[in-house]
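In case you want the letters, here they are:
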Amino acid sequence: MFGLFKPVKIRSCNESRKYGVAAKDVKELLKKGCKLLQLPLAGAHVCLYADGTKVTEEFFPTLPDNTDLVLLCRGQTWSGVVCDIGQLLSADRHTEGLVEAAKGLLSDEQSPKRRKILTDLLLNLEDRSELESREEDEDWFKGVDVRFKTKSAYMKFNCESRIRGYMKELDEAAKTIQKTKVRAEFLKASKCLAEMLKTARYNGCYFNRTEKEPDRLCTQEGWFTCQGSFDQEVCQSLHSINPYGCRESRTIFSTWNLDHRIEKKRTVIPALLEALQNHKSTDVNLNYFYHLLFTRENLKLVHIVCHKKGAHSLLCDTKKIFTRASNTVKGKQKAGGKRRRLM
Ligand SMILES: [Zn+2]
Ligand SMILES: [Zn+2]
């Protein structure tokens, strides 16, 4: 008798809870299923949970026992597990339930791969980016100096520190200069650059979500999108992160890099040194070097995967290295010198 009945697992398309039902054909399954899930029988149909294939009377007897099925009402469709993912993403309201469910699954999950998927999911669900102050989100501030009262203030400082670091590298480069005169000019130049940077408040605005649109690199909520490696227009992997969301994201964000397209150490600093070998700092277009070293004109925020370590082979624009006035003056002097030598 029981052999005639096919046991299956059935659910509706907007609930993950499933029920065991046994039926001898689709007609009976629909009747039992609709009663169980309290759905109207007219127009109801069933399909495979895995990929949305419609279950017909012919197909039904061939199903393995306990196959996962979805019971749909008239007009409803199911494109398989993808639907679940879509619902997961739009289910902002059910976040707490989802977090609980994911934690439950994680607690007895053995597969490292599924553990990774679940922990990543939890990381993204437990998003507290809308909270801003230390009182609201104490956990986020663990290990952050007490002087920071808001997330934005800390993130601004984080950006400033990175950019101040570039200034330090410039000062380090000064120590390698042998000629006293050249070093003196270099120090003048670096002092001037430091002033410009101070006026721009070390461009801390790039990471500060409370700044106005063109000044910040993130959305109002704090989402940063990878700008793609130096030689690409966009990030193919669609990397994104919200360091304002939770402590772990804040920590991981430190592996994201502000990458100099025209490289700071390999190209920009040597070009500045070269320019100062036989020119005064006032003849050098420091505004150009400022933009190359410290601004988003030459900086790209990249995920560590999009941070290519090899040489970028991009050069400074030789037409921009010197100020306009000095370009023409030097040109004339050079020409004059040549002529004299020729005579
Ligand atoms: Zn990327
Ligand atoms: Zn780099």
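Remember, predicted model here, so these are calculated numbers, not experimental data.

S.K.: Just give me the short version of the overall build of the protein, but keep the residues and values in it.
M.R.: Tallying secondary structure elements over the protein gives 10 helices and eight strands in all. Overall size of the protein, expressed as C-alpha extent along the three principal axes, is 115 × 50 × 35 Å. Relative to all contacts within the protein whose residues are 6 or more apart in sequence, the contacts with residues 24 or more apart total 62%. Taken as a whole, the protein presents about 21000 Å² of accessible surface, with 55% of it coming from carbon and sulfur. Side chains of the protein give 60 positive and 44 negative charges; the mean places of these two sets differ by 9 Å.

S.K.: Outline the coordination of the zinc ion (ligand 2), supporting the account with residue identities and numerical values.
M.R.: In an ideal tetrahedron of four donors about a metal, each angle is 109.5 degrees. In an ideal octahedron of six donors, the angles are 90 or 180 degrees. Each protein donor to the zinc ion (ligand 2) is listed here as Asp259 (OD) and His307 (NE2); together their distances run 2.0 to 2.4 Å. In this pair, aspartate 259 sits in strand S7 (residues 257-260) while histidine 307 sits in the loop between strand S8 (299-302) and helix H10 (324-342), placing the two residues 48 residues apart along the sequence. Comparing aspartate 259 with histidine 307, the two get one shared label, buried.

S.K.: Describe the sheet that holds strand S1 (residues 6-12), listing the residues and the values that go with them.
M.R.: On the basis of which strands lie adjacent, the open sheet formed by four strands has the order S2-S1-S4-S3 and mixed pairing. At either end of the open sheet lies a strand with only one pairing partner, and these are strand S2 (19-23) and strand S3 (45-48). Here the average twist between neighbouring strands, direction ignored, is 45°. Here S3 runs beside strand S4 (residues 67-72); their pairing, made up of four bridges, is antiparallel. Residue histidine 45 lies in a different strand from S4, and its bridge partner there is leucine 72. The strands touched by helix H1 (residues 26-37) within the sheet are S1, S2, S3 and S4, with S2 carrying the most contacts at an inclination of about 150°.

S.K.: Mind laying out the environment of arginine 296, listing which residues take part and the relevant values?
M.R.: With respect to the secondary-structure elements, arginine 296 resides in the loop between helix H9 (286-294) and S8. Sequence-wise, arginine 296 and aspartate 65 are 231 residues apart; in three dimensions their C-alpha atoms are separated by 60 Å. Here the side chain of arginine 296 touches proline 214 through a polar contact of 2.4 Å, landing on its backbone oxygen.

S.K.: Give a description of a negative patch on the surface that names residues and reports values.
M.R.: Taken together, the side chains of Asp127, Glu130, Glu135, Glu136 and Glu138 present a region of like negative charge at the surface. Assignment of secondary structure puts glutamate 138 in the loop between helix H4 (112-125) and helix H5 (151-174). When its relative accessible area of 60% is taken as the criterion, glutamate 138 is described as exposed.

S.K.: Break down the coordination of the zinc ion (ligand 1) for me, with residues and values.
M.R.: Around the zinc ion (ligand 1), the protein supplies Cys226 (SG), Cys235 (SG), His239 (ND1) and Cys306 (SG) as donor atoms, at distances of 2.1 to 2.4 Å. With four donor atoms in place around the zinc ion (ligand 1) and angles of 96 to 125° between them, the coordination shape is tetrahedral. Between consecutive donor residues of the zinc ion (ligand 1), the sequence gaps follow C-x8-C-x3-H-x66-C. Of this pair, cysteine 226 sits in the loop between strand S5 (224-225) and strand S6 (240-241) while histidine 239 sits in the loop between S5 and S6; the two residues are 13 residues apart in sequence, bridging distant segments of the chain.

S.K.: Residues and numbers for the layout of surface pockets, please.
M.R.: What the second largest pocket holds in volume is close to 280 Å³. Around the second largest pocket, the lining is made up of 13 residues, and of these Asp259, His260, Glu263, Lys264 and His307 lie nearest the centre. Listing elements by their share of the lining of the second largest pocket, those giving two or more residues are S7 and helix H8 (264-277). No other element matches the four residues that S7 contributes to the lining of the second largest pocket.

S.K.: Requested: an account of the pairing of S8, with residues and values cited.
M.R.: With burial as the criterion, each face of S8 is covered, one bearing Leu299 and Leu301 and the other bearing Lys300 and Val302. Examined bridge by bridge, S7 and S8 share four bridges and lie antiparallel to one another. Pairing of aspartate 259 across the sheet is with lysine 300, part of S8.

S.K.: Which residues make up the state of the cysteines, and what values do they have?
M.R.: This model, assessed by the stated rule, comprises zero disulfides. The structure places no disulfide on cysteine 73, whose sulfur is separated from the nearest cysteine sulfur, that of cysteine 34, by 6.8 Å. Of the residues examined, cysteine 73 reaches a relative accessible area of 15% and is grouped as buried. Of all cysteine sulfurs in the structure, the one in cysteine 205 sits closest to cysteine 159, which takes part in no disulfide; the separation is 7.1 Å. Residue cysteine 159 is classed as buried on the basis of its relative accessible area of 0%.

S.K.: Give me the lowdown on helix H3 (residues 95-107), citing residues and values where you can.
M.R.: Think of an α-helix as turning once every 3.6 residues; residues three or four places apart then point the same way. Compared with an ideal rise of 1.5 Å per residue, which puts 13 residues at 18 Å, H3 spans 18 Å between its outermost C-alpha atoms and is within 8% of the ideal. Regarding H3, the residues found buried are Thr95, Leu98, Val99 and Ala102. The buried residues of H3 occupy an angular sector of 100° when projected down its axis, which confines them to one face. The outward face of H3, more than 90 degrees from its buried face, is lined by the exposed residues Glu96, Glu100 and Ser107.

Rules used throughout
- Residues numbered from 1 in each chain as written.
- Chains lettered and ligands numbered in written order.
- Predicted model: local features only at pLDDT ≥ 70, side-chain atom pairs only at ≥ 80, totals over all residues.
- Heavy atoms only, no water.
- Helix = DSSP H or I, 4+ residues; strand = E, 2+ residues; numbered from the N terminus.
- Contact = heavy atoms within 4.5 Å.
- Areas by Shrake-Rupley, 256 points an atom, 1.4 Å probe, with all protein chains shown as cover.
- Lys, Arg positive; Asp, Glu negative; His and termini not counted.
- Charge placed at Lys NZ, Arg CZ, Asp CG, Glu CD.
- Donors = N, O, S within 2.8 Å, 3.2 Å for Na, K, Ca; no water.
- Buried < 20%, exposed > 50% of the residue type's maximum accessible area, 1.4 Å probe, protein only.
- Pairing = 2+ DSSP bridges.
- Axes fitted to C-alpha atoms, helices over the stretch in contact; angles between N-to-C directions.
- Polar contact = N/O pair within 3.5 Å; in protein donor to acceptor, adjacent residues only side chain to side chain.
- Patch = residues over 30% accessible without salt bridge, like charges linked within 9 Å, V, L, I, M, F, W, Y side chains within 5 Å.
- Salt bridge = Lys/Arg side-chain N within 4 Å of Asp/Glu carboxyl O.
- Tetrahedral: all angles 85-135°; square planar, octahedral: opposite > 155°, others 65-115°.
- 1 Å grid on protein atoms, 1.4 Å probe; cavity = no way out; pocket = protein on both sides within 12 Å on 5 of 7 lines; lining within 4 Å.
- Points joined across faces, edges and corners; volume = space filled by probe spheres on them.
- Disulfide = S-S within 2.5 Å.
- Expected span 1.5 Å × (residues − 1).
- Arc of directions from axis to C-beta.

Read these as layout, nothing more, since geometry by itself doesn't imply function.
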